[in-house]
Amino acid sequence: SSSQERMGRIINHKDYYLRGGDMSVLIGNHLYRIHSFFFYRESLVWRQMLDAPHEGEEHGTTDAPSPFTFDDVKSEDFERFLWVIYNPQYSIYDAPFETWLSILKLAHRWNFCNIKDLAIRELEKLDIEPIEKIVAYHEYKINKTLLLPAYITMCKREKPLTLTEGMSLGMETVLRLADARERARQQAAESGFRSPTFDDFEDAQMEDMVREVFGIPARPMSPGQHSRNSSDAFNSFGGTNGFGFTA
């Protein structure tokens, strides 16, 4: 059968088939052997999966060794996610946008609040194209206060949105950006500008309009405050790893 053929192609992951691991995860044809402790402690989603009665069905632990299988997760994304947990360089989390986006995706999906906060803190250090940042932060429900610079950049951009950009942003965001731009033009006209450009506006002026249009409260939040119900166990992220395991 196709499932048997697939099983025949399974290979242990080169970095994350770990000695002492008690949980198996199968993604694509890569088999991971990792420690359930971190997943159980930090994710309610995984806690429920691990606590669920298995009765001989797939469970993924040493008590029921059939692996957890995720057909809709890419092995590359899961590998990047595990890198955060098993990072041998402790407090050094140097990675490009694509890596942090993979980590953010799975942290959001499985409700790893502190890993999500870490991903956002690291993303905030990067120079990300405004549209890419807006799309990602909207998709993963990140505090819109962190998008103020991106919103302002898009509002002040003279070049109109392309069809592709508009489809990426979505109708609601496109309409809100258009609303903010129109308010800016109207305010300029009322102030006596005959042919105003968006360069005539200070960022502070645009920020007030953007906050109003996007419903962003006046008081900003720090990057690490967007997630709620974060446990203290991962406070070491960005500091000392504290796990005691390496890949």
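Above this text sits the structure in question.
Before going into details, it helps to say that this report is about the structure given with it. (Residues numbered from 1 in each chain as written. Predicted model: local features only at pLDDT ≥ 70, side-chain atom pairs only at ≥ 80, totals over all residues. Heavy atoms only, no water.)

### Some remarks on the overall build of the protein chain
The criterion, for reference: Helix and strand definitions follow DSSP, with helices as H or I runs of at least four residues and strands as E runs of at least two, each counted in order from the N terminus. The rule is simple: take the accessible area with a 1.4 Å probe, protein chains only, and divide by the maximum for that residue type; under 20% is buried, over 50% is exposed, in between is partly exposed. Every residue pair with non-hydrogen atoms within 4.5 Å of one another is taken to be in contact. Accessible surface is estimated by sampling points in the Shrake-Rupley manner with a 1.4 Å probe; for residues, cover comes only from the protein chains shown.
Within the protein chain one finds 11 helices and 4 strands. Relative to its 247 residues, the protein chain shows a buried fraction of 43%. Long-range pairs, those at least 24 residues apart, make up 60% of the contacts in the protein chain with a sequence separation of at least 6. For the protein chain, the computed accessible surface area is about 13,700 Å², with 49% contributed by carbon and sulfur atoms.

### Section: the side chain of Ser 43
Just so we agree on the cut-off: Polar contacts, as counted here, are pairs of nitrogen or oxygen atoms within 3.5 Å of one another; within protein the pair requires one atom able to donate a hydrogen and one able to accept it, and residues that are adjacent in sequence qualify only if both atoms are side-chain atoms.
By the secondary structure assignment, Ser 43 is in the loop between α2 (36-42) and α3 (44-51). With a relative accessible area of 0%, Ser 43 lands in the buried category. Among the polar contacts made by the side chain of Ser 43, one reaches the main-chain amide nitrogen of Val 45 at a distance of 3.3 Å. Here Ser 43 is in contact with Trp 110, Asn 111 and Phe 112, once residues within four sequence places are set aside.

### A few points about helix α4 (residues 75-86)
Counted only if it meets this: Given the number of residues in a helix, its expected span is that number minus one, multiplied by 1.5 Å.
If you check α4, its first and last C-alpha atoms are 16 Å apart, about what 12 residues at 1.5 Å a residue would give, namely 16 Å. Of all 12 residues making up α4, 10 are buried, and the element is well covered by its neighbours. Inspection of α4 places Ser 75, Asp 77, Phe 78, Arg 80, Phe 81, Leu 82, Trp 83, Val 84, Ile 85 and Tyr 86 among the buried residues, and these make up the whole buried set. Check the buried side of α4 and you find it contacts β1 (11-17), β2 (23-27), β3 (30-34), α2, α5 (97-110) and α6 (113-123).

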